[in-house]
Amino acid sequence: MAMKLEILSKEVIKPDSPNHLQTLHLSLFDQFLPTTYVSAIFFYDDHQPDQEEILVQKLKNSLSQTLSLFYPLAGRIKEGVTVDCNDEGALFTKARADVLLSDVLRNPSDAGLVHKLIVSPDRADPGTWPLLHVKVVFFRDRGFAVAVSASHKLCDAASLSMFVRSWTKAAKGFADTVNPEFSASVFFPPADISVEFPPFLEPKKKSKTKSFVFGPLMIEKLKIRASCGLLVPQATRVESITALLLRCMTNSRRPKTEAVTEFAITHTMNLRPRVPLSFLPRKAIGNFFFLPLLKETSENKMEIQETVSKLRKTKEELNELITKDSEDSDTNSDEAAKERIVSAMLSFLCEVSPEAETYAVSSWCRMSFYDADFGWGFPVWVAPGSVDKTQVVLMDAKDGEGVEAWVTLPETDMAEFEHDDELLVYAPPS
């Protein structure tokens, strides 16, 4: 669907009170993460046209209050290793689209449309400034969208969700009672900047992104298929959908010759709910993930039960890394566990062959994105704006039970993937 977007204004929003921290060090993994934004766009279907300026001003004022808590997002990254918390501010853009919100909602799989709504200005650089960009887009009807993009050097999806929740509280006049903690460099101490990490998930071909919706009934059927006796008696919805998508994605990539293709698969795990509070506060802001690696080849048919079993095993291996010294409840055992996690992740990254086809899966489920009520109701739809390269982002559907999968593949692979009969059984076109 064609859409024109008119930029009405741009403004830098500064924190409403100065911060006390001048320099924040980026963590080991922040330093090598791609300089991209992690983004989400929230669609709302009700506002009064004559109240547009009041709505925008309310967002600006509450954003300024929220930046006082999340002050590194108002700073600037220096030399790729530190954040100068100078209260330089975040960028706020107001725009107008020449389509109806209903037009967008009728084309939910049009990732290009979502990307156009959320894309940052030409001069925006997530590796330097702005580290936070907000765009409010008004449609031709009463609908509008709020797009939030934070530098991946400072935020993962869980961090973005925490920021939005705090911002919505401020917009409704409530102060956030728990301050966020930017503690990634404590958990993952910075490395010598001269350390070189292997290239990972570098785009090799022109890609295409599409979304696929799995309803609750089909998820239950898929979970039954994915469960496998004593090994995984009850597969989760994320495990089941991930296994199906990987099977279909690798099928679309299998060469037509007899040459064997290597697949490097990662499934990002949010560390916050998995580690003790002594390791990591629940409101920790940063990239707190574990990145296990599954290595497969085109000779493996990626049977769903087999893949689910391997995914479950990675969770057990992470638990072992965390609890190995659980009998010793002292600081040294905590530090030893952190070192084991870092060592394991570095080992996984170094095992990725430059020739391997890489797939990354990230789950944004249970992160409460649909709770983003700024005072005018909950969003009618939420979409990720940061699905690039060859990867999958899983999000809760609005009902909280279904799952929307955003898949990015090379265009030639997507042409086969989106018509995969096995995929379409569980995620039929709407």
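Just so it is clear, the model here is predicted, and its values are computed rather than measured.

### What to know about the overall build of the protein
Move 1: Within the protein one finds twelve helices and 16 strands.
Move 2: In terms of C-alpha radius of gyration, the protein reaches 22 Å, essentially the compact-globule figure of 22 Å for 430 residues.
Move 3: Expressed along its principal axes, the backbone C-alpha trace of the protein runs to roughly 60 × 55 × 35 Å.
Move 4: A burial count over the protein gives 57% of its 430 residues as buried.

### Quick notes on the UniProt feature "coiled-coil region" (unreviewed entry) in the protein
Move 1: Here, the residues flagged by UniProt with the feature "coiled-coil region" (unreviewed entry) are residues 294–324.
Move 2: Secondary structure across residues 294–324 comprises 65% helix and 13% strand; the distance between its end C-alpha atoms is 22 Å.

### Observations concerning the side chain of Ser-161
Move 1: By secondary structure assignment, the location of Ser-161 is in helix α5 (residues 157–171).
Move 2: Those residues in contact with Ser-161 that lie beyond four places of it in its chain are Met-367 and Phe-369.

### Details of α5
Move 1: End to end, α5 covers 21 Å across 15 residues, agreeing with the expected 21 Å (1.5 Å per residue, within 8%).
Move 2: For α5, a buried count of 13 out of 15 residues is recorded, marking the element as mostly surrounded by other parts of the structure.
Move 3: Two residues or fewer past α5, Gly-173 is found with a positive phi of approximately 90°.

### Quick look at the packing of aromatic side chains
Move 1: One pass over the full model with this rule turns up 24 aromatic pairs.
Move 2: With centroids separated by 5.8 Å and ring planes inclined at 90°, the aromatic side chains of Tyr-44 and Trp-376 adopt a geometry described as edge-to-face. Taken together, the residues span a long stretch of sequence, with Tyr-44 in strand β3 (residues 37–44) and Trp-376 in the loop between β13 (357–363) and β14 (381–384) at a distance of 332 residues. Judged on exposure class, the residue Tyr-44 and its partner Trp-376 are both buried.
Move 3: Look at Phe-187 and Phe-188: their rings are 4.8 Å apart centre to centre, the planes differ by 90°, and that puts the pair in the edge-to-face class. Across the pair, exposure class does not vary: Phe-187 and Phe-188 are buried alike.
Move 4: Cluster of aromatic residues (ring-pair linked, three or more members): Tyr-44, Phe-70, Tyr-71, Phe-138, Phe-144, Phe-163, Trp-167, Phe-182, Phe-374 and Trp-376.

### Some thoughts on the sheet that holds strand β6 (residues 90–97)
Move 1: Across the sheet, six strands lie side by side as β1-β6-β7-β8-β3-β14; this open sheet has mixed pairing. The open sheet has two edge strands, β1 (5–13) and β14, and neither has a second partner. Geometrically, the sheet is characterised by an average inter-axis angle of 15° between neighbouring strands, direction not taken into account.
Move 2: Two strands pair when backbone bridges link them, and β3 and β14 are joined in this way by four bridges, in the antiparallel orientation. Counted as the bridge partner of Ala-40 is Pro-384 from β14.
Move 3: Here helix α2 (residues 52–69) sits on the sheet and contacts β1, β6, β7 (132–138) and β8 (144–151); the angle it forms with β6, its principal contact strand, is near 160°.

Definitions and cut-offs
- Residues numbered from 1 in each chain as written.
- Predicted model: local features only at pLDDT ≥ 70, side-chain atom pairs only at ≥ 80, totals over all residues.
- Heavy atoms only, no water.
- Helix = DSSP H or I, 4+ residues; strand = E, 2+ residues; numbered from the N terminus.
- Rg over C-alpha atoms; globule rule 2.2 N^0.38 Å.
- Buried < 20%, exposed > 50% of the residue type's maximum accessible area, 1.4 Å probe, protein only.
- UniProt positions renumbered as here; feature names shortened; annotations may be inferred.
- Contact = heavy atoms within 4.5 Å.
- Expected span 1.5 Å × (residues − 1).
- Phe/Tyr/Trp six-rings, centres within 6.5 Å; stacked < 30°, edge-to-face > 60°.
- Pairing = 2+ DSSP bridges.
- Axes fitted to C-alpha atoms, helices over the stretch in contact; angles between N-to-C directions.

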